[in-house]
Structures are given as structure tokens and as C-alpha cells.
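Listed below are the residues making up each chain.
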Amino acid sequence: MKYRTIGTGPHSRRVSVLALGAMLFGSRTDEKTSFAVLDRYVEAGGNFIDTSDNYAFWIDGGQGGQSEELLGRWRRSRGAGDEIVVATKLGARPLAPGTSYTDNPEGLSAKVIRESSERSRERLGMERLDLLYAHIDDHTVPQRETVEAFGELVAEGTVGLLGVSNQAVWRVERARALAAAAGLPGYEVLQYHHSLLRPRSDVPSDLFPDGNLGHAGPEMAGYLRAEPGLTLVAYSPLLTGAYARPERLPADFDHPGAPARLAVLHEVARETGATPGQVVLAWQIGHELPIIPLAGASSVAQLEENLAAVDLELSPEQWARLDAAH
């Protein structure tokens with residue numbers, strides 16, 4: 001395994017360059033399989049696990065919490081401690097069963113941040129959350145209130161690092177500026193969708209009526225270059241299996257720019273003897289920007305394929321072709 005550091009202050013952590021997504025653990029992925037994947041990940045040197053307080057509410061129409069609860073049971077049964085870095089999120093948990101984060105989210109008020117973080121710590125069995133993200137934006141609450149509430153948790157020692165996901169870059173920068181002006185810790189880890197294939201950014205959705213704000217595009221790349229203390233955690237790098245099964249390709253990735261990048265990807269995969277998914281993960285891990293791919297696995301076999309990408313070396317010429325394809 002290889003490692004990199006996230007965060008810049010006293011709570012910075014050394015984490016594996018491949019993060020493990022636990023979104024479906026305890027719901028679609030049963031406990032026995034989830035434990036086996038977690039055990040193998042740790043055996044291979046992995047130590048960076050990602051979850052959320054709302055995973056996976058859409059499976060049973062509830063409010064989520066199954067993933068955190070399973071990770072809590074696994075941590076206790078394995079005697080896991082500070083060597084395992086667990087990241088979780090709040091803000092997008094539905095307030096009632098049968099609702100969603102688009103119509104009834106918990107939001108980012110000071111009250112929610114305190115109460116939801118406490119529930120996450122209880123489910124996970126952790127005195128301190130290693131990394132806590134604002135999962136989605138909340139325009140109904142002043143950003144200062146959100147920033148101060150997160151800062152209080154860090155000051156109290158119940159949270160280490162702070163992160164943000166699915167927000168416009170200008171909103172992230174404004175929150176970080178508010179934190180800096182107040183002498184408070186700010187967001188240092190940014191979790192956004194990122195892969196070799198790029199989606200259309202103009203497709204509206206319930207969460208993003210003006211177009212996709214959850215994808216790490218060129219503005220995010222420039223932000224990372226300008227702020228070297230930040231790290232991008234790239235969720236859904238494998239497009240839910242679409243590199244292996246093209247019929248799974250999300251509609252917003254099906255556009256005229258995609259075929260050229262796919263063609264180069266498959267060329268490099270043939271040259272290296274790797275799968276297209278492994279090439280994508282290796283491309284992110286070795287990127288000039290600080291990117292940590294976050295990949296889930298519903299079986300040990302899937303995890304093994306992902307782990308093999310850590311040691312896959314791409315040549316400078318292959319890098320150039322992948323970056324230039326459009």
C-alpha cells in the first residue's frame with residue numbers, strides 16, 4: 001500500500017491512497033461480506049474508510065445509518081482504533097422515512113451539526129470522528145453558523161478534520177475564508193465526483209437545478225493547484241462499474257467527448273495488461289493533483305481488482321495520452 005497525508009494541522013492523518021467506500025455495507029451488502037471486504041482492505045494496508053449518516057436510506061425508504069452501524073460493529077469486533085481513519089458525512093440525512101435529501105434534508109444548522117455528529121459517533125463507536133464532511137449545501141442557514149458549529153466540534157475534540165462535498169467551489173472558498181477570518185479550522189478535504197470520463201455539467205437535477213456542482217471539473221483543478229493544503233477524495237471513480245459494463249454508463253457521461261477518452265483508456269489497458277478500471281484508479285493515484293480515489297466493493301474479488309491498481313505504473317507517454325484525449 002502507498003500513503004499520503006490529508007490535512008495540514010495537528011489533526012492531519014496519513015491515509016492509504018485508495019479509500020474504501022462503505023455506502024452499501026449493512027444494507028445491500030450483507031454483514032458477512034462487508035466484514036470480509038473490510039478485513040481484506042486492512043490486511044492490504046488500507047486505512048481510509050468512508051461512510052455517511054444517510055447511507056443507505058434509499059434501500060429501504062428509511063433514514064440511513066446502516067453503514068455507520070455496521071462499521072461500528074466491525075470496529076468493536078476487530079478492536080480497531082486510531083490506526084483506521086473513518087470519514088463520515090452529515091447534512092443529507094432525510095428528516096423522515098420516505099423522504100430524501102432533495103426534499104427534506106437535515107441541513108447544516110448548528111443544532112443539526114452537533115446532534116447528527118453525536119449520533120454518528122455513537123453508531124461508529126468513536127470518541128472522535130477522524131474526518132467529518134458537510135455532505136450537501138444548505139442555503140437556508142448562514143454559512144457563518146455552519147462554519148462556527150463545525151469549528152466548535154474540532155475545538156471540543158469530537159472531530160479531527162473537516163471536509164465538504166457537492167458544493168459550488170465559490171461556496172467552499174467563502175466558508176474557508178469565514179473560518180480563516182475567525183481563527184477556526186476550515187474544510188481541508190473535498191469529496192467530489194471525479195473520473196477519467198467527464199460528465200456534462202449543464203444537466204439539471206433535483207439537487208443541482210442549475211447543473212452539476214458535484215463533479216470536480218476544471219474550476220476544482222485550479223482550486224487544488226492554488227491551495228496545496230487541500231485534498232480531493234474522488235467518489236464513484238469507476239462510474240458504478242460502467243468501465244467494465246458500458247450499459248451502466250450514466251446518461252450525463254454519454255456525449256461526443258466520451259468515445260475518444262474511452263478509446264485511449266482501452267488502449268492503455270491493453271498495453272499494461274490491466275483492466276480499464278485499474279487504469280482509471282492508477283491515473284488518479286499518480287495524478288499531479290492530490291487525488292484519493294474512493295471506490296466501493298461488494299465482494300472481496302472486486303476489492304482485489306481495485307487494490308491491484310495501487311502498484312500499476314503508467315508511463316509518461318500513457319499519462320499524456322490519457323490527459324490529452326477529448
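In what follows, the accompanying structure is described. Fair warning: this is a prediction, and the values are worked out from it, not measured in the lab. (Residues numbered from 1 in each chain as written. Predicted model: local features only at pLDDT ≥ 70, side-chain atom pairs only at ≥ 80, totals over all residues. Heavy atoms only, no water.)

1. Observations concerning the environment of Pro316
As a reminder, the rule being used: What counts as a helix is a DSSP run of H or I of at least four residues, what counts as a strand is a run of E of at least two, and both are numbered from the N terminus. Residue burial is assigned from relative accessible area. The probe radius is 1.4 Å, only protein chains are included, and a residue is buried under 20% of its type maximum, exposed over 50%, and partly exposed in between.
Along the chain, Pro316 falls in helix H11 (residues 316-324). With relative accessibility at 71%, the residue Pro316 sits in the exposed group.

2. As for the pattern of salt bridges
What counts is decided by this rule: Take a side-chain nitrogen of Lys or Arg and a carboxyl oxygen of Asp or Glu: if they are within 4 Å of each other, that pair is a salt bridge.
By the definition in use, this model includes 19 salt bridges. We note a salt bridge from Arg114 to Glu152, for which the minimum N-O separation is 3.5 Å. One end of the pair, Arg114, is in helix H4 (residues 110-124); the other, Glu152, is in helix H5 (residues 143-156), with 38 residues separating them in the sequence. If you follow the salt bridges from partner to partner, you end up with Glu267, Glu271, Glu317 and Arg321 in one network.

3. Side note on a nonpolar patch on the surface
Where we set the bar: Here the term patch refers to residues with relative accessible area over 30% and no salt bridge, with like charges joined within 9 Å and nonpolar side chains (Val, Leu, Ile, Met, Phe, Trp, Tyr) within 5 Å. Working definition of accessibility: Shrake-Rupley area with a 1.4 Å probe, residue cover restricted to the visible protein chains.
Taken together, Met23, Trp58 and Ile59 make up a surface patch of nonpolar side chains, about 250 Å² in accessible area. Relative to the assigned elements, Met23 resides in the loop between strand S3 (19-21) and helix H1 (31-43).

4. Considering the environment of Arg76
Quick reminder of the rule: Contact definition: two residues touch when any of their heavy atoms are within 4.5 Å.
Residue position: Arg76 is located in helix H3 (residues 66-78). Judged by its relative accessible area of 52%, Arg76 falls in the exposed class. Not counting chain neighbours up to four residues away, the residues in contact with Arg76 comprise Glu122, Arg123, Leu124 and Gly125.

5. Focus on H11
Stated precisely, the cut-off is as follows: Comment: arc refers to directions from the helix axis out to C-beta atoms.
Looking only at H11, the buried set comprises Gln318, Trp319, Arg321 and Leu322. Seen end-on, H11 carries its buried residues on one side only, within an arc spanning 165°. Those residues of H11 hidden inside the fold are in contact with helix H8 (258-272) and helix H9 (276-285).

6. Here we look at the pairing of strand S7 (residues 159-165)
Each regular strand carries side chains that alternate between the two faces of the sheet. The condition that has to hold: For two strands to be treated as a pair, DSSP must find no fewer than two bridges joining them. Whether a crossover is right-handed depends on one test, that the path from the first strand over the helix to the second runs clockwise when the strands point away from the viewer.
Counted residue by residue, S7 has 7 buried out of 7 residues, so it is predominantly covered. Examined bridge by bridge, strand S6 (residues 129-134) and S7 share 5 bridges and lie parallel to one another. If you follow Leu132 over to S7, its bridge partner there is Leu162. Between the parallel pair S6 and S7, the chain is carried across by H5, and the sense of this crossover is right-handed. Examined bridge by bridge, S7 and strand S8 (residues 189-193) share 3 bridges and lie parallel to one another.

7. Some points on the packing of aromatic side chains
Working definition: an aromatic ring pair is given by the centre-to-centre distance plus the angle between the planes. Going by this rule: Pairing of aromatic side chains here covers Phe, Tyr and the six-membered ring of Trp, requires ring centres within 6.5 Å, and sorts the geometry by plane angle: under 30 degrees stacked, over 60 edge-to-face, intermediate tilted. Any Lys NZ or Arg CZ that is within 6 Å of a ring centre and within 35 degrees of that ring's normal is treated as a charge sitting over the ring.
Per the counting criterion, the structure on display carries 4 aromatic pairs. Note on Phe57 and Tyr101: the rings are 6.0 Å apart at their centroids and 90° apart in plane angle, and the pair reads as edge-to-face. Here the residue Phe57 occupies a position in helix H2 (residues 57-60), and Tyr101 occupies one in the loop between strand S5 (85-90) and H4, the gap between them amounting to 44 residues. With a relative accessible area of 6%, Phe57 lands in the buried category. Judged by centre distance (6.1 Å) and plane angle (70°), the ring pair of Phe150 and Tyr187 falls under edge-to-face. Here Phe150 is found in helix H5, whereas its partner Tyr187 is found in the loop between helix H6 (169-181) and S8, with 37 residues between them in sequence. Site record: aromatic cluster; members linked through ring pairs are Tyr55, Phe57, Trp58 and Tyr101. Cation over ring: Arg14 sits above Tyr3, and NZ or CZ is 4.1 Å from the ring centre.

8. Things to note about the packing of H1 against helix H10 (residues 300-308)
In a pair of packed helices, the angle between the axes and the distance between the axes together describe the arrangement. Our working definition: Lines fitted to C-alpha atoms define the axes here, with helix axes fitted over just the stretch in contact, and angles between the N-to-C directions of these axes take values from 0 to 180 degrees. Throughout this description, any angle smaller than 35 degrees is read as roughly parallel, any larger than 145 degrees as roughly antiparallel, any in the 65 to 115 degree range as roughly perpendicular, and the remainder as oblique. Crossings are assigned a handedness: left-handed for a near helix turned anticlockwise from the far helix by less than a right angle, right-handed for a clockwise turn. Throughout this entry, Asp, Glu, Lys and Arg are counted as charged residues, while Ala, Val, Leu, Ile, Met, Phe, Trp, Tyr, Cys and Pro are counted as nonpolar. The remaining residues, Gly among them, count as polar.
Two elements in contact, H1 and H10, have axes whose closest approach is 9 Å; the angle formed by their N-to-C orientations is 25°. In terms of orientation, H1 lies roughly parallel with respect to H10. Pair H1 / H10 crosses with right-handed handedness. Judged by residue contacts, Ala36, Val37, Arg40 and Tyr41 of H1 engage Val300, Leu303, Glu304 and Leu307 from H10. Residue composition of the contact of H1 with H10, by class: 6 nonpolar, no polar and 2 charged.

9. Let's talk about unusual backbone geometry
Cis peptide bonds are those with omega within 30 degrees of zero, and the linkage from Tyr55 to Ala56 qualifies with -5°. Structurally, Ala56 is set in the loop between strand S4 (48-50) and H2. The phi torsion at Asn166 lies on the positive side, around 60°, for a residue other than glycine. In this structure, Asn166 sits in the loop between S7 and H6. What makes Asn166 buried here is its relative accessible area of 9%. With a phi close to 50°, Thr240 is a non-glycine residue in the positive phi region. Assignment of secondary structure puts Thr240 in the loop between strand S9 (231-235) and H8.

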